[in-house]
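Commentary on secondary and tertiary structure
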Amino acid sequence: MTTPVSRRVKSIKHIIIVCSGKGGVGKSSVATQLALSLHASSPNLHIGLLDVDLTGPSLPRMLGLDGHGIHQSSDGWVPVYADAYGQDVPRLACMSIGFLLKNRGDSVVWRGPKKNAMIRQFLSDVRWGELDYLIIDTPPGTSDEHLSLLEHLAPVHSRLSAVIVTTPQAVALLDAMKCLSFTRAVGLPVLGLIENMSGYVCPCCGEVSNVFSMGGGEEMAKREGLPFLGRMPLDPELVTLLDAAEPPGETGGGQEQSSDKAFEVIEKYRKTTSAKLFAPIVDKVVDTIGPIQVAQEIMIGDTASAQGNGFLTQDTC
């Protein structure tokens, strides 16, 4: 079935939904690092980063894009490019409701239907173009936003996959299990699990120390038969980088300064300890996503063939 969303995203090869069962586990920073690391891994990759955490958008601030507005073209909304001030063709497109708010401190007080309409508009009206990866940062839990995403992206379900983010603590792992249960209930393939905030990077020497507990996410992955993508420690350098961008209204310069700051974030990120630690995680994601997508396409094709031949009835589907 062809829909406005399917027509818009048909040129996107892979769609990765970053999710967690609990807030405060660093899901948005993981989504940002995933996009930045993919961007750095090859000069030929085109990346999209979509923020559907409608009530708590944080990606504009993390990427130094606060203060940017959205421009309308004849072909839809033009995303904000974080690398627009580089010498090459921009390859990192971003979209967030944060770009649509008059004031960055404004709250978004919406019920489910309006959230659903906004997510549909992000998918159908944004001029994403040809992307190798679209990274989607979702709110905590398994709520309206997740169901809306899967509903609108159903025509391209074979291109969907998820990355689950947790911290090593037992409470976070319990909520991560609920997130995993959700992915299984809706048939969303999981690329693997990332154990975030596992250890601490010394700002002086770069050595990783085990300040809090660690290993809980890896143990959960083994128990549930999930690929363990890796663990990421608390890195003061990364926190400072993603939190340092001041809104243009506070420093002057407007959107031009904001775009320049975003490009600075991209360049500085590559030199952080976190970028080095995240590189193997990206390699595992890239290695895993291809076979999973092929398996999904085969399964969907077999199901469609069985339905066409009358082997599946309404009662057995």
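For the structure, check the block above.
Residues numbered from 1 in each chain as written. Predicted model: local features only at pLDDT ≥ 70, side-chain atom pairs only at ≥ 80, totals over all residues. Heavy atoms only, no water.

1. Looking at the side chain of K27
- Relative to the helices and strands, K27 resides in helix α2 (residues 27-41).
- Those residues in contact with K27 that sit more than four places away from it in its chain are V18, C19, S20, D53, D137, T138, P139, P140 and V165. (Helix = DSSP H or I, 4+ residues; strand = E, 2+ residues; numbered from the N terminus. Contact = heavy atoms within 4.5 Å.)

2. Notes on the packing of helix α4 (residues 112-124) against helix α5 (residues 144-152)
- Where α4 meets α5, the closest approach of the two axes is 9 Å, and the angle between their N-to-C directions is 45°. When the axis of α4 is compared with that of α5, the two are oblique. Every pair of crossing elements has a handedness; the one defined by α4 and α5 is right-handed. On α5, the residues touching G112, K115, N116, I119, R120 and L123 of α4 are D144, E145, S148, L149, E151 and H152. (Axes fitted to C-alpha atoms, helices over the stretch in contact; angles between N-to-C directions. Parallel < 35°, antiparallel > 145°, perpendicular 65-115°, else oblique. Left-handed = near helix turned anticlockwise from the far one by under 90°.)

3. Here's the deal with the pattern of salt bridges
- One pass over the structure, following the stated rule, counts eleven salt bridges.
- With a shortest N-O distance of 3.8 Å, K22 and D175 are connected by a salt bridge. In this pair, K22 is assigned in the loop between β1 (12-19) and α2 and D175 in helix α6 (residues 170-185), connecting sequence segments 153 residues apart.
- Take K22: its relative accessible area is 32%, and that puts it in the partly exposed class.
- We classify D175 as buried; its relative accessible area is 14%.
- Note that R231 is salt-bridged to E218, the shortest N-O span being 2.6 Å. One end of the pair, R231, is in strand β11 (residues 228-234); the other, E218, is in helix α7 (residues 216-224), with 13 residues separating them in the sequence.
- By relative accessible area, R231 is classed as partly exposed at 28%.
- Each member of the salt-bridge network shares a partner with another, and the members are K22, D175 and K178. (Salt bridge = Lys/Arg side-chain N within 4 Å of Asp/Glu carboxyl O. Buried < 20%, exposed > 50% of the residue type's maximum accessible area, 1.4 Å probe, protein only.)

4. Here's the deal with unusual backbone geometry
- You will see that M197, though not glycine, has its phi angle at about 55°, which is positive.
- Inspection of the secondary structure puts M197 in strand β9 (residues 190-201).
- What makes M197 partly exposed here is its relative accessible area of 25%.

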